[in-house]
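Summary of structural features
Read off the chains here:
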Amino acid sequence: MDAITVLSDLAARPLQALDYFWDELEPARINDRPGGHPNSIAWLLWHSARETDAQIAPLSDTSEVWTAQGFAQRFDFDGQDLGAFDMGYGQNPAAAEAITVPATQEGKSLLREYLEAVYQHLGKWIPTLDASELDRVVDHHYDPPVTLGVRVISVIDDAVQHVGQAAYIAGMPLRPSH
């Protein structure tokens, strides 16, 4: 198996992980936060797509799905004025808590639509690469410098972890009401 085939398989993993729990996730739980932590299921899923979108767009020489497909306008995060490059890194708790979607099937569907658009873009771009391009240095801020292949793996690994965290929250039992 060659590197491009491996990366293509890896690029499908965030949506595959989402499929394990998505159908059972009630829309009313999409904004659940365990123990008062500011990162909800919605935040984790949004962030996994945003960080992939924002980091892959410049590597693929394309516009971010977030802006190019109008998702920035379609999401309404409690009046938060998210910059075009905001992807959740370094957000204070109040900003993270504002990343919610309507607890309805429509809100849940919008979140899924964004995730699918991002990972479909990624899945279409990776096969256009030549394996030799994976050694190209894309970030000199680290020692050793980060290559394209390492960056792609890192981005997808982070996304899969966040989807897994969302699955964990979704599987938590609800607290009984008093």
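Just so we're clear, the structure is a prediction, and the values are computed from it rather than from any experiment.

1. Focus: the overall build of the chain
- Across its full length, the chain carries 8 helices and 2 strands.
- Considering the chain as a whole, with its 178 residues, one finds that 47% of them fall into the buried category.
- On the chain, roughly 9,500 Å² of surface is accessible, and the fraction owed to carbon and sulfur atoms is 53%.

2. Details of the packing of aromatic side chains
- This model, assessed by the stated rule, comprises 6 aromatic pairs.
- For the ring pair W46 and W66, a centre distance of 6.2 Å and an interplane angle of 70° mean the geometry is edge-to-face. Here W46, found in helix α3 (residues 41-60), pairs with W66, found in helix α4 (residues 65-68); they are 20 residues apart in sequence, far enough to count as distant. Residues W46 and W66 agree in their burial class; the two are buried.
- On the basis of an interplanar angle of 45° and a centroid distance of 6.4 Å, the ring pair of F71 and F75 is categorised as tilted. Accessibility classification places F71 together with F75 in one group, the buried group.
- A connected cluster of aromatic rings, assembled from ring pairs, spans W46, W66, F71, F75 and Y114.
- Taking the ring centre of W22 as reference, the NZ or CZ of K108 above it sits at 4.9 Å.

3. Structural notes on unusual backbone geometry
- Residue P144 is bonded to the preceding D143 through a cis peptide linkage, with omega at 5°.
- As for its position among the elements, P144 is in the loop between β1 (137-139) and β2 (146-147).
- Non-glycine residue D61 carries a positive phi angle of around 55°.
- By secondary structure assignment, the location of D61 is in the loop between α3 and α4.

4. Focus: the nonpolar core
- In terms of nonpolar packing, the biggest core is built from 47 residues, with L45, Y114, W125 and I126 touching the most fellow members.
- Sorting the residues of this core by element identifies α1 (3-11), α2 (13-19), α3, α4, α7 (105-125) and α8 (148-171) as the ones contributing at least two each.

5. Some details on the pattern of salt bridges
- Under the definition given, this model contains 8 salt bridges.
- Between D9 and R13 there is a salt bridge; the shortest N-O distance is 2.5 Å.
- The partly exposed category is assigned to R13, whose relative accessible area is 38%.
- Across the pair R112 and E116 runs a salt bridge, and its minimum N-O distance is 2.7 Å. Separated by 4 residues within a single helix, R112 and E116 lie in helix α7, roughly one turn from each other.

6. A look at the environment of T128
- Relative to the elements of secondary structure, T128 occurs in the loop between α7 and β1.
- Residue classification places T128 among the exposed residues on the basis of a relative accessible area of 57%.
- Along the backbone, T128 and I4 are 124 residues apart, and their C-alpha atoms lie at a distance of 8.8 Å.
- Within the structure, T128 has its side chain in polar contact with the backbone oxygen of W125 (distance 2.5 Å).

About the thresholds
Residues numbered from 1 in each chain as written. Predicted model: local features only at pLDDT ≥ 70, side-chain atom pairs only at ≥ 80, totals over all residues. Heavy atoms only, no water. Helix = DSSP H or I, 4+ residues; strand = E, 2+ residues; numbered from the N terminus. Buried < 20%, exposed > 50% of the residue type's maximum accessible area, 1.4 Å probe, protein only. Areas by Shrake-Rupley, 256 points an atom, 1.4 Å probe, with all protein chains shown as cover. Phe/Tyr/Trp six-rings, centres within 6.5 Å; stacked < 30°, edge-to-face > 60°. Lys NZ or Arg CZ within 6 Å of the ring centre and 35° of its normal. Core = buried A, V, L, I, M, F, W, Y, C linked by side-chain atoms within 4.5 Å. Salt bridge = Lys/Arg side-chain N within 4 Å of Asp/Glu carboxyl O. Polar contact = N/O pair within 3.5 Å; in protein donor to acceptor, adjacent residues only side chain to side chain.

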